[in-house]
Structure formats: C-alpha cells, structure tokens
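Analysis of the macromolecular model
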Amino acid sequence: MHLHWFRSDLRIHDNTSLDAAASQESVLALYILTPKQWQQHDDAPCKVDFWRRQLIELSQQLDRLNIPLLIRHCDTWQQVPDLLLELCQQYQITQVHCNAEYGVNERKRDAATQHLLQQYHIGFKHYLDQLLFEPGSITSKSGGYFKVFGQFKRVCQQRLYDQIPAILPAPKAQAKLFIAADPIAATLADFTLTGAFAKLDQSSIDSIAAQWPVGETQAMQVLDDFCADPILDYEHARDMPALAGVSQISPYINAGIVSVRQCLQAAIDAADGELFGANEGINTWITQLLWREFYQHILVGFPQVSQHQPFKAHTKKLPWRNAPDDLACWQQGQTGFPIIDAAMRQLQQTGWMHNRLRMIVAMFLSKNLLIDWRLGEQWFMQHLIDGDLAANNGGWQWSASTGTDSVPYFRIFNPITQSQKIDPEGTFIRHWLPALAHLDNKSIHAPHLSRNVQASALDYPLPIVDLKQSRERALQAFSGLKA
Ligand SMILES: Cc1cc2nc3c(=O)[nH]c(=O)nc-3n(C[C@H](O)[C@H](O)[C@H](O)COP(=O)(O)OP(=O)(O)OC[C@H]3O[C@@H](n4cnc5c(N)ncnc54)[C@H](O)[C@@H]3O)c2cc1C
C-alpha cells in the first residue's frame, strides 16, 4: 500500500505526488491537522477555514476515485514522524509520497519523518510540484542562488523555452479498498469547534468564506475568466485596485487548489500557444508567477529571511520605533490617509489585498511610521487568506528595503500621490470608507488638505504623521546605516 500525504496541494488534477502514488497498486490519502503549528506560523483563521472547506470538497473527489482520505490530528509537526510511522504500520504502507514544501520548519519535519520511516524500511519520497524549478537549480555561473530577480527571470525564461512543464491528469479510480475514509465533515466540524481556532469571530470567517468559494472547478473558473480577457490588459490594469485587473488566484495557488503549471499553461493558451509572445499583459502576468518562484528559491537559499532576519544584514541596526498606538491605527485602518485605511479594511473584510496596496501600506508602516516590517509581516499573515511565508516575507522586505532586490530606501511612496495615480476617481476609497464617499475626486485622497472639506467634521481621523517629516526621519534612519 502507498500513501499520498496532502499538505499545500489540495487537488487531484496535476498533483505530482498523488499521480505517482496512484500509479501503484493501491493508495491511501492523508491530511494532518496541526492547529498549534498553524498558530505558531500565524496562519490566518480565514485561511485555515479555506483549507477546511477545500478538504471537504477534496474528500468527495477522492471518494469517487475510491481513495480513502484519512484525517489525523496532532498539535505540532514535532509529533508528525511518530504519527506517520504508526499509520504506516497500521495500514501496511511501504511508501509515503508528498509534494515538497520549502519553509525551514517544513523541511525539518520532512527530514525527521524520512529519517524515522527509513529505520523501518518505509520509503519517503517528495516531488517538485509547488514550483516550476527545483530550488538550487536556477543559479548564477558561480553556482549560487540569484539575489536579483532580473537575472533569475532570464534563466527561468530560457528553461521554459526549452520545456514547458507538462500537466498531469487526475488519477483513475482504483479498485475499492476495504478501508473506510474518515467521516470528514464530522471530523473537521469537530476540529473547528473544539480546536485552537474556536475563539475566533465566526461571523467574519463566514463572511470571508462567502467571497472565496473552494473547489478545483471554482479555481479553474477564476483562472479561465481572468485568462479570457483581463490578462490581455494586465500590464496596465494591475495597478488599479478599483478595476478587476488582477487574477485573485493567489488563495487557490497557495492552498494548491490549482497548480502553478496550470496557471502558466492557461496564460500560454491565452497567448495562442506562445510563451513570452506579443501581448505584454500576458508576459507581465507570467513574470509575476516567476516572482513567486523567486521568493520561494530565496527562502531555500537564504533561510534566515524566514527566521525574522533581514536579507541585508546591516539593516538589522535600523532604529525601529516602538509605537504601539501608530501600529494599531495602521492595523485598524485609522491612519487618516484614505488609501492606506481603505486597503487595511479590504484586508480585514476580505482576507486579501491588492498587490499595489500591499506595497503602499507596507512602505507606509516601515518608512513613514518607521515601525519594524516584521510586525507588518505578522499582521498580514494573521489576516491573509493567501498568506504565504515566502511571498509575504519577500514583499515586506522589498517594501522595507531590507530584502534581496528590494526598493532603494530613498524611493518612498507618497500615499497621497499614489492614491491619485491608482484610484483617480476615488472609487476604491469610496467603497471601503463610506464616511468619505461624498467627497469630490480631489479631496478624497487627502481630506485634511482640502479647502472644500472641514476635515475635523468628518467621521474620519486626521493624519497620524506628517508625510514630509516622517519621510525625512526614514531617510536619516537608513542613511545612518553602514552597508
Ligand atoms: C507586502 C507584501 C506582502 C505580500 N504577501 C503575499 C502573500 O502572503 N502571499 C502571496 O501569495 N503573495 C503576497 N504578495 C504578493 C502579491 O501581492 C500577491 O501575490 C498578489 O496580490 C495576489 O493577487 P493575485 O492573485 O490577483 O495576483 P496576480 O497579479 O494575478 O498575479 C498572479 C500570481 O503571481 C504571483 N505573484 C504576483 N505578484 C507577486 C509578488 N510580488 N511576489 C510573489 N508572487 C507574486 C501570485 O502567486 C499571484 O497569485 C505580497 C506582496 C507584498 C508587497
């Protein structure tokens, strides 16, 4: 008997490990609930709920393939090796298959599991699935990991010209096994009621859940709708948060409901089979998939970044402010800068934020407020339905100018001019800040500066910092560091 262990690959189509396991005589599937571990990783409740909902879907799909899904529960990954050994012995499993995950703790967990299983002559195999290229295989001439995205991208592009990774079909149904799948709905319902996430506000989880339906069909629909048209103008529309200019596929990629190969192929199909062809929108979107790839490779090449360390070591000495009140205003969308506050409310109410806004709010926190980027990184992880260690860390370190290939410290976005540029009519702001909905297109970006508005009479805070002074403070803090 073989076992496929599901982790962040909650799908049956184009699943490398599941395909390999199912090519054997008989296969069982496993998912392990590890609530304490998830809490240690700051996984957002809406994201855990997304996994839970997708597991229910997945169990129904597996049922049709006669692959029983077993659900096991342990607090942290430390207990995983023993749990797997016991399971293998119970079901006479000779080989465990899974798709590789690249975080430090994930790799430690897998190494410990492999080590223990080997002692009992049980095989443990992991596969490249989350990424297009094996970390460590896209390197500079001297053999090191690239630190600059442009160089990394060029090598990836060349590899893709050589070969586009193939997409695997779902496994065929196997003969019925005399093993019952776990009663999934009951197991998972019980988990959410009694588990570590019980204290959470169920109504806000439910409201976010309604915005992000699960299922492979749903994920493919999101991808197909985007590739049918919006992708063609992605290059221009992707910076405008009021437009449907981006795919919103990130929660599905990160939970593994759709694979990166399926995303790449959909983009190539939209370009009539051409890779990096004439349409700049499609090319830019594929480049974003490579940014995702880049940050995962960085995580493996420079694991310190995911252990609360900046990539640029000298930025460890930055004099971050201890300013809990300012941090709270940023978190709650009460800074007095409409574009920042609208974005932070989008995050709280949808579990997702537009990429341009992620950059603007991250830069505002780390530069204008001079608050440690790690606090922002943590808040994002605790709220994002697409929270991903590598991309989140990469995005935060890019914005804070502490990371690989990050923005130069002196290029600080001004939230007012950014707002005028990316939301010229204030459509996005009006949606998330109804208290400002009546303002004209000019005043809405900075009500406190407008002659037409009595800012103190609005049900909206005055700015918590002076943009000019806070910019100077950030420049001084950074220029004082010796690289
Ligand atoms: C401060 C900050 C934090 C971020 N945190 C996360 C995170 O936790 N999880 C996450 O998936 N992305 C994160 N990103 C990257 C990016 O914002 C999201 O991937 C994107 O907004 C998701 O929306 P989408 O699917 O519509 O993206 P699209 O614009 O449609 O792009 C398609 C896909 O490409 C990938 N991608 C796009 N931009 C980036 C990028 N800059 N870095 C890495 N991958 C990218 C994503 O997988 C995305 O789904 C962060 C960016 C910043 C600046």
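This write-up is about the structure you can find in this document. (Residues numbered from 1 in each chain as written. Predicted model: local features only at pLDDT ≥ 70, side-chain atom pairs only at ≥ 80, totals over all residues. Heavy atoms only, no water.)

Attention now moves to unusual backbone geometry. In this structure, Asn66 is a non-glycine residue whose phi angle is positive, near 60°. Within the secondary structure layout, Asn66 lies in the loop between helix H3 (45–64) and strand S3 (69–73). A positive phi angle, close to 50°, is found at Leu370, a residue other than glycine. For Leu370, the location among the structural elements is in the loop between helix H16 (355–368) and helix H17 (373–383). We classify Leu370 as buried; its relative accessible area is 4%. (Helix = DSSP H or I, 4+ residues; strand = E, 2+ residues; numbered from the N terminus. Buried < 20%, exposed > 50% of the residue type's maximum accessible area, 1.4 Å probe, protein only.)

Once that is clear, we can look at the nonpolar core. The biggest cluster of nonpolar side chains holds 127 residues, and the ones touching the most others in it are Tyr31, Trp285 and Trp330. With 10 residues, the top contributor of residues to this core is helix H13 (residues 280–301). If near-sequence neighbours (up to four positions away) are discounted, Trp285 is found in contact with Leu223, Phe226, Ile231, Tyr234, Ser247, Ile249, Cys263 and Ala267. Core analysis: the second largest hydrophobic core is formed by 23 residues, Trp5, Leu28, Leu30 and Tyr91 among them. (Core = buried A, V, L, I, M, F, W, Y, C linked by side-chain atoms within 4.5 Å. Contact = heavy atoms within 4.5 Å.)

Right, let's get into the sheet that holds strand S2 (residues 27–33). Ordered in space as S3-S2-S1-S4-S5, the five strands form an open sheet in which the pairing is parallel. The sheet is open, and its two edges are formed by S3 and strand S5 (123–127), each paired on a single side. Across the sheet, the axes of successive neighbouring strands diverge by a mean angle of 25°, strand direction being ignored. Pairing of S2 with S3, which is carried by five bridges, proceeds in the parallel orientation. Looking across to S3, one finds that Ala29 is bridged to Leu69. Contacts between helix H4 (residues 80–91) and the sheet are confined to strand S1 (2–6), S2, S3 and strand S4 (95–99), with S3 contributing the most and set at about 140° to the helix. (Pairing = 2+ DSSP bridges. Axes fitted to C-alpha atoms, helices over the stretch in contact; angles between N-to-C directions.)

This next bit is on the site of the ligand. In the vicinity of the ligand there are 29 residues, among which Tyr234, Ser247, Gln248, Asn355 and Asp386 approach most closely. Trp285 is positioned such that a nitrogen or oxygen atom in its side chain is 2.9 Å from an oxygen atom of the ligand. Between the ligand and Asp388 there is a distance of 3.0 Å, counted from an oxygen atom to a backbone nitrogen or oxygen. Alone, the ligand offers 820 Å² of accessible surface; in the complex the protein occludes 96% of this. For the shell around the ligand, the elements supplying multiple residues, two or more each, are helix H11 (250–254), H13, H16 and helix H18 (389–399). No other element matches the six residues that H13 contributes to the shell around the ligand. Looking at the shell around the ligand, its residues break down into 16 nonpolar, nine polar and four charged. (Near = heavy atom within 4 Å. Polar contact = N/O pair within 3.5 Å; in protein donor to acceptor, adjacent residues only side chain to side chain. Areas by Shrake-Rupley, 256 points an atom, 1.4 Å probe, with all protein chains shown as cover. Nonpolar A, V, L, I, M, F, W, Y, C, P; charged D, E, K, R; others polar.)

In contact at an axis separation of 11 Å, H16 and helix H19 (residues 415–422) are set at 170° when each is read in the N-to-C sense. Viewed along their axes, H16 and H19 adopt a mutual orientation that is roughly antiparallel. When H16 is examined against H19, the residues Arg356, Leu357, Ile360 and Phe364 are found in contact with a partner set consisting of Pro415, Gln418 and Ile422. In terms of residue class, the contact of H16 with H19 is made up of five nonpolar, one polar and one charged. (Parallel < 35°, antiparallel > 145°, perpendicular 65-115°, else oblique.)

Here we take up the state of the cysteines. For the structure shown, the criterion picks out zero disulfides. With no disulfide of its own, Cys263 has Cys227 as its nearest cysteine by sulfur position, at a separation of 7.8 Å. (Disulfide = S-S within 2.5 Å.)

Per the counting criterion, the structure on display carries four cavities of 30 Å³ or more. Within this model, the largest cavity holds a volume of roughly 90 Å³. Every residue along the wall of the largest cavity is listed here: Tyr295, Ile298, Leu299, Val305, Phe311, Ala390, Asn393, Gly394, Gln397, Trp398, Gly403 and Thr404. Listed by contribution, the elements that provide at least two residues to the lining of the largest cavity are H13 and H18. Counting residues per element, the lining of the largest cavity draws most heavily on H18, at five residues. Among the residues making up the lining of the largest cavity, the classes are represented as seven nonpolar, five polar and no charged. For the second largest cavity, the calculated volume is near 60 Å³. (1 Å grid on protein atoms, 1.4 Å probe; cavity = no way out; pocket = protein on both sides within 12 Å on 5 of 7 lines; lining within 4 Å. Points joined across faces, edges and corners; volume = space filled by probe spheres on them.)

Before going further, it helps to spend a moment on the packing of H17 against H18. The contact between H17 and H18 brings their axes to 10 Å, and the two run at 145°. The handedness of the crossing between H17 and H18 comes out as right-handed. Contacts between H17 and H18 involve Trp373, Gly376, Glu377, Phe380 and Met381 on the former and, on the latter, Leu389, Asn392, Asn393, Trp396 and Gln397. Each residue belonging to the contact of H17 with H18 can be placed in one class, and the counts come to five nonpolar, four polar and one charged. (Left-handed = near helix turned anticlockwise from the far one by under 90°.)

Applying the stated criterion to the full structure yields 23 aromatic pairs. Between Trp38 and Trp51 the ring centres are 5.1 Å apart and the planes differ by 65°, which places this aromatic pair in the edge-to-face class. Of the two residues, Trp38 sits in helix H2 (residues 35–40) while Trp51 sits in helix H3, which places them 13 residues apart along the sequence. Seen in terms of ring centroids, Phe226 and Trp285 are 5.3 Å apart; in terms of plane orientation they differ by 50°. Their pairing is tilted. Pair noted here: Phe226 is in helix H9 (residues 216–228) and Trp285 is in helix H13, with a separation of 59 residues, a long-range link. By the burial criterion, Phe226 is buried, and Trp285 matches it. Aromatic ring contacts, followed pair by pair, group Phe149, Phe152, Trp291, Phe294 and Tyr295 into a single cluster. The positively charged end of Arg7 is found above the aromatic ring belonging to Trp5, 4.4 Å away from the centroid. Geometry around Trp77 places Arg109 over its ring, the cationic atom sitting 4.3 Å from the centre. (Phe/Tyr/Trp six-rings, centres within 6.5 Å; stacked < 30°, edge-to-face > 60°. Lys NZ or Arg CZ within 6 Å of the ring centre and 35° of its normal.)

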